[in-house]
Amino acid sequence: MPTFYGTEVSSALMLGTAGYPSPAILAEAFRASGAGIATVSLRRETGGGQDFWALIRDLGTRILPNTAGCHTVREAVTTAQMAREVFDTPWIKLEVIGHADSLQPDPFALVEAASILTADGFQVFPYCTEDLIVCEHLLDAGCEVLMPWGAPIGSGLGLNNRYGLRALRAHFPDVPLVVDAGIGLPSHAAAAMEMGFDAVLLNTAVAKAGDPAGMARAMALAIEAGTAAHAADPMEPRDMAAPSTPLIGKAFL
Amino acid sequence: MKITINGTPHDLRATTVAEALEEAGFTGKLATALNGDFVPAGLRATTALTEGAALEVLAPMQGG
């Protein structure tokens, strides 16, 4: 099971808490998923925050607060400080968004914010692209886990750059890597685990499924299958056919 | 004292962040920021408000 900042979690599935049809369905989906980590956010208190907090506590998972929606270093750092106090954890999923349509990270602001936060004792989970150099800089800034996107947040497109993700895995064999965002189907999650990723973080694929608990279970099974497949050392693909049935002994007819 | 809380104008007797929270009726699991800077819970009682200040009061919410 993945270990982040010295803490082993019970599942390679990290599940978001947004967009479910109801709190009861959210709880049902979490039970079905076996997720070890729940992502949460901070928003202006309008009356629902305390009920949500009670619901999250009852899930029994670890909490990973995010800085979703932050576009500047200052916003992200202040949000992280507020989240650390509210959720009583040094963990922070650091998002610094660079573009409103693609929601892709601003890598420059991300590295700067990560540097400030790690110096302040945070354990940063950066939502990043699969760019090797950005990832190098994030590690230099003190991050001990990387969370490259599979595809834009909420798109469900899967792993848009398998080559880049494979290269990242090969380049950082000892760094916990999480595919965060873009997962739409269990096959996408399985593919990430087959490549040797340590975990998958998803939300919309489960929350917006017709049957969120059913999809949560499917994701858990896919992640289990992908993990087992990676451990079993998959064959190398090849372009030409190779007969699996022996040619020796074939009859002359 | 005229300040905004979560973007809404308020006219309060409060002179500190802690008093503003109490006067506006906020309770529970909350975090505060004043003019963009985090105000830890332990400093709310001694953090003074100024005219026109922007207070943000955040609570746990759904997130991905």
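Can you help me understand the overall build of chain B in this one?
Counting its regular elements, chain B contains 1 helix and 5 strands. Tracing chain B from N to C terminus, the helices and strands come up as β-β-α-β-β-β. Taken over the C-alpha trace, chain B has a radius of gyration of 11 Å; the compact-globule value for 64 residues is 11 Å, and the two agree within 12%. The principal-axis extent of the C-alpha atoms belonging to chain B is close to 35 × 25 × 20 Å. Counting the 64 residues in chain B, one finds 42% classified as buried. For chain B, the proportion of contacts with a sequence separation of at least 24, taken over those separated by at least 6, is 53%. When the accessible surface of chain B is split by element, carbon and sulfur atoms take 54% of a total near 3,100 Å². Treating the 4 positive side-chain charges of chain B as one cloud and the 7 negative ones as another, the clouds have centres 6 Å apart.

I'm lost on the interface of chain A and chain B in this one. Help?
A common measure of how large an interface is: the accessible area buried when the components associate. Contact with chain A, which involves 26 residues of that partner, is made by 26 residues of chain B. Where chain A abuts chain B, roughly 2,200 Å² becomes buried across the two surfaces, and 58% of that area is made up of carbon and sulfur atoms. As a salt-bridge pair, R74 of chain A and D37 of chain B come within 2.8 Å of each other at their nearest N and O atoms. Taken together, chain A and chain B are joined by 18 residue pairs in polar contact (both at pLDDT 80 or more). Listing elements by their share of the side of chain A that touches chain B, those giving two or more residues are β4 (37-44), α2 (49-59) and α3 (73-87) of chain A. Looking at the side of chain A that touches chain B, the element that brings in the most residues is α3 of chain A, giving 7 residues. When the residues that make up the side of chain A that touches chain B are grouped by side-chain class, the tally is 9 nonpolar, 10 polar and 7 charged. Pairing of β4 of chain A with strand β5 (residues 54-62) of chain B, which is carried by 5 bridges, proceeds in the antiparallel orientation. Among the inter-strand pairings, V40 of chain A is bridged to a residue of β5 of chain B, identified as Q62 of chain B.

How should the nonpolar core be read in this particular structure?
Soluble globular proteins tend to bury their nonpolar side chains together. Counting residues in hydrophobic clusters, the biggest one holds 83 residues, and the most contacted among them are F4, M14, L94, V124, F125 and L138 of chain A. In terms of residues, this core owes the most to one element, α3 of chain A, which gives 8 residues. When residues no more than four places from it in sequence are discounted, the contact partners of V124 of chain A are Y5, I92, L94, A114, L117, T118, C143, E144 and V145 of chain A. In this structure, I3, I5, A14 and L34 of chain B belong to the second largest nonpolar core, which totals 16 residues.

Any chance you could explain the sheet that holds strand β6 (residues 91-94) of chain A here in plain terms?
Two pairing modes exist for strands in a sheet, parallel and antiparallel, and in both the strands are linked by backbone hydrogen bonds. All names here are of chain A. Read across the open sheet, the 3 strands follow the order β6-β7-β8; overall the sheet is parallel. Edge positions in the open sheet fall to β6 and β8 (147-148), since each of these has one partner strand only. Sheet topology places strand β7 (residues 123-128) next to β8; 2 bridges connect them, and they run parallel. Paired with Y127 across the bridge in β8 is M147. Lying on the sheet, helix α4 (residues 107-119) is in contact with β6 and β7; it crosses β7 at an angle near 170°.

Here is what the cut-offs are and how they apply
- Residues numbered from 1 in each chain as written.
- Chains lettered and ligands numbered in written order.
- Predicted model: local features only at pLDDT ≥ 70, side-chain atom pairs only at ≥ 80, totals over all residues.
- Heavy atoms only, no water.
- Helix = DSSP H or I, 4+ residues; strand = E, 2+ residues; numbered from the N terminus.
- Rg over C-alpha atoms; globule rule 2.2 N^0.38 Å.
- Buried < 20%, exposed > 50% of the residue type's maximum accessible area, 1.4 Å probe, protein only.
- Contact = heavy atoms within 4.5 Å.
- Areas by Shrake-Rupley, 256 points an atom, 1.4 Å probe, with all protein chains shown as cover.
- Lys, Arg positive; Asp, Glu negative; His and termini not counted.
- Charge placed at Lys NZ, Arg CZ, Asp CG, Glu CD.
- Buried area = accessible area lost by both parts, 1.4 Å probe.
- Salt bridge = Lys/Arg side-chain N within 4 Å of Asp/Glu carboxyl O.
- Polar contact = N/O pair within 3.5 Å; in protein donor to acceptor, adjacent residues only side chain to side chain.
- Nonpolar A, V, L, I, M, F, W, Y, C, P; charged D, E, K, R; others polar.
- Pairing = 2+ DSSP bridges.
- Core = buried A, V, L, I, M, F, W, Y, C linked by side-chain atoms within 4.5 Å.
- Axes fitted to C-alpha atoms, helices over the stretch in contact; angles between N-to-C directions.

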